Amino acid sequence: MTHDHRPFGRLLTAMVSPFRADGSLDVEGAARLATYLVDDQANDALVINGTTGESPTTSNGEKEQLIRAVLEAVGDRAKVVAGVGTNDTSHTIELATAAEKAGAHGLLVVTPYYNKPPQAGLIRHFTAVADATGLPMLVYDIPHRAGIAVATETLVRLAEHPRIVGVKDAKADLIATSWVTKRTELAFYCGEDALTLPALAVGAVGMVGTSTHLSGPGALEMIQAYERGDMAAALALHHRLLPIFTGIFRSPGTILVKAAMAAKGLPAGPVRSPLVDASEAEIAQLREDCEAAGLPL
């Protein structure tokens, strides 16, 4: 099956979902944040309603509101990929069809978490979701959250589906990635910010970042340097950005991204329980990490 080599561009950010001080959804803030991520942070596409967007705590209605708001703000110049994955196939299909109706350009479907289905169950789940819409779909492989990995043979099988076009790869297993990029045409987007450069070397086409709320232009420059064969420049950028590539995950990425956005005067607001907002010490460390990466808050 032949797919677009890079269906969602090079640089994607998994966007946080802005909330107001009372915890309600900030739809206008989402539009403003999306505009910043596309116009100032050089993103080709945005992932809305992913885990970084606190999808476990947003309602179906809020998810649809976010998709529509971001599409209206940036949909003419960036692709909008809707996170729709849950650990319930029926619910995932419901979210996928709603995202398609809202106008999303693609879907991100995470491995079902907690119930740990066997690989045959994963094939059935991902295939059922892909069958339910006409949208291109990324499989999100993140075993440290989901509890299981999507096996190489499973990804090879899934690659036969015309609408399963790629993987958000947060498995941190470059050997497994290498086997899939060797055997399929799936577009791999690195989901571990600090592994983006080595992932490019084994066939990845870009990244879905978290630190790219702050590091977008430099991350894109690193990818472009690699693509034109300037390894020295790509490695220098990797080393420069490493403090924020890793530092943003000292706490769950959502917490520190929201703290960073607040420090920059951008919409973010509080996190929803069970997450907790960044402490003063965490914010101070975040400032040090940003400074070390040449991205002072």
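Everything numeric in this text was worked out from a predicted model, so none of it was measured.

A few points about the overall build of the protein chain
- Across its full length, the protein chain holds 12 helices and 8 strands.
- In terms of its C-alpha atoms, the protein chain occupies a principal-axis envelope of roughly 45 × 45 × 35 Å.
- Out of the 297 residues belonging to the protein chain, those deemed buried represent 55%.
- By sequence separation, contacts in the protein chain at least 24 residues apart represent 71% of the contacts at least 6 residues apart.
- Positive and negative side-chain charges of the protein chain, numbering 25 and 33 respectively, have mean locations separated by a distance of 3 Å.

Re the packing of helix α9 (residues 212-227) against helix α10 (residues 231-247)
- One can describe the packing of α9 onto α10 by two numbers: an axis separation of 8 Å at closest approach and a directional angle of 155°. If you check the angle between α9 and α10, you find them roughly antiparallel. For α9 against α10, the interelement crossing comes out left-handed. Facing α9, whose interface residues are L214, S215, G218, A219, E221, M222, A225 and Y226, α10 presents M231, A233, A234, L237, H238, R240, L241, I244 and F245.
- Its residues assigned to classes, the contact of α9 with α10 shows 12 nonpolar, 3 polar and 2 charged.

Overview of the environment of N60
- Secondary-structure assignment places N60 in helix α2 (residues 60-74).
- Here N60 falls in the partly exposed class, since its relative accessible area comes to 31%.
- For the pair formed by N60 and T210, sequence separation is 150 residues and the distance between their alpha carbons is 23 Å.
- When neighbours within four sequence positions are excluded, N60 is seen to be in contact with H91, E94 and L95.

Side note on the environment of D173
- Along the chain, D173 turns up in the loop between β6 (164-169) and α7 (174-183).
- Under the relative-accessibility criterion, D173 is labelled partly exposed at 32%.
- In this structure, the C-alpha to C-alpha distance between D173 and P270, residues 97 residues apart in sequence, is 33 Å.
- A polar contact is formed between the side chain of D173 and the backbone nitrogen of A176, at a distance of 3.1 Å.

Observations concerning the pairing of strand β3 (residues 79-83)
- Counting buried residues along β3, 4 of its 5 residues qualify, which places the element largely inside the surrounding structure.
- Bridge analysis of strand β2 (residues 45-48) against β3 gives 4 bridges, and the strand direction is parallel. Bridge pairing links I48 to A82 in β3.
- A crossover links β2 with its parallel partner β3, the connecting element being α2, and its sense is right-handed.
- Note: β3 against strand β4 (residues 106-110), 3 bridges, orientation parallel. For V81, the partnering residue across the bridge sits in β4 and is G106.
- Traced from β3 through helix α3 (residues 89-102) to β4, the parallel crossover comes out right-handed.

Some remarks on unusual backbone geometry
- In this model, S273 is joined to P274 through a cis peptide bond whose omega is 20°.
- As for its position among the elements, P274 is in the loop between α11 (253-263) and α12 (280-292).
- One non-glycine residue, Y114, lies in the positive phi region at around 75°.
- Here Y114 shows up in the loop between β4 and α4 (119-132).

Some details on α10
- Helix length check: α10 (17 residues) gives 24 Å between terminal C-alpha atoms against 24 Å at 1.5 Å per residue, within 8%.
- Of all the bends found along α10, the most pronounced is centred on L241 and spans about 50°, while P243, a proline, follows it within four residues.
- Those residues of α10 not exposed but buried are A234, L237, H238, L241, I244, F245 and G247.
- Buried residues along α10 sit in contact with α8 (196-201), α9, α11 and α12.

Rules of the game
- Residues numbered from 1 in each chain as written.
- Predicted model: local features only at pLDDT ≥ 70, side-chain atom pairs only at ≥ 80, totals over all residues.
- Heavy atoms only, no water.
- Helix = DSSP H or I, 4+ residues; strand = E, 2+ residues; numbered from the N terminus.
- Buried < 20%, exposed > 50% of the residue type's maximum accessible area, 1.4 Å probe, protein only.
- Contact = heavy atoms within 4.5 Å.
- Lys, Arg positive; Asp, Glu negative; His and termini not counted.
- Charge placed at Lys NZ, Arg CZ, Asp CG, Glu CD.
- Axes fitted to C-alpha atoms, helices over the stretch in contact; angles between N-to-C directions.
- Parallel < 35°, antiparallel > 145°, perpendicular 65-115°, else oblique.
- Left-handed = near helix turned anticlockwise from the far one by under 90°.
- Nonpolar A, V, L, I, M, F, W, Y, C, P; charged D, E, K, R; others polar.
- Polar contact = N/O pair within 3.5 Å; in protein donor to acceptor, adjacent residues only side chain to side chain.
- Pairing = 2+ DSSP bridges.
- Right-handed = clockwise from strand over helix to strand, strands pointing away.
- Expected span 1.5 Å × (residues − 1).
- Bend = angle between axes of the 7 residues up to and from the residue.

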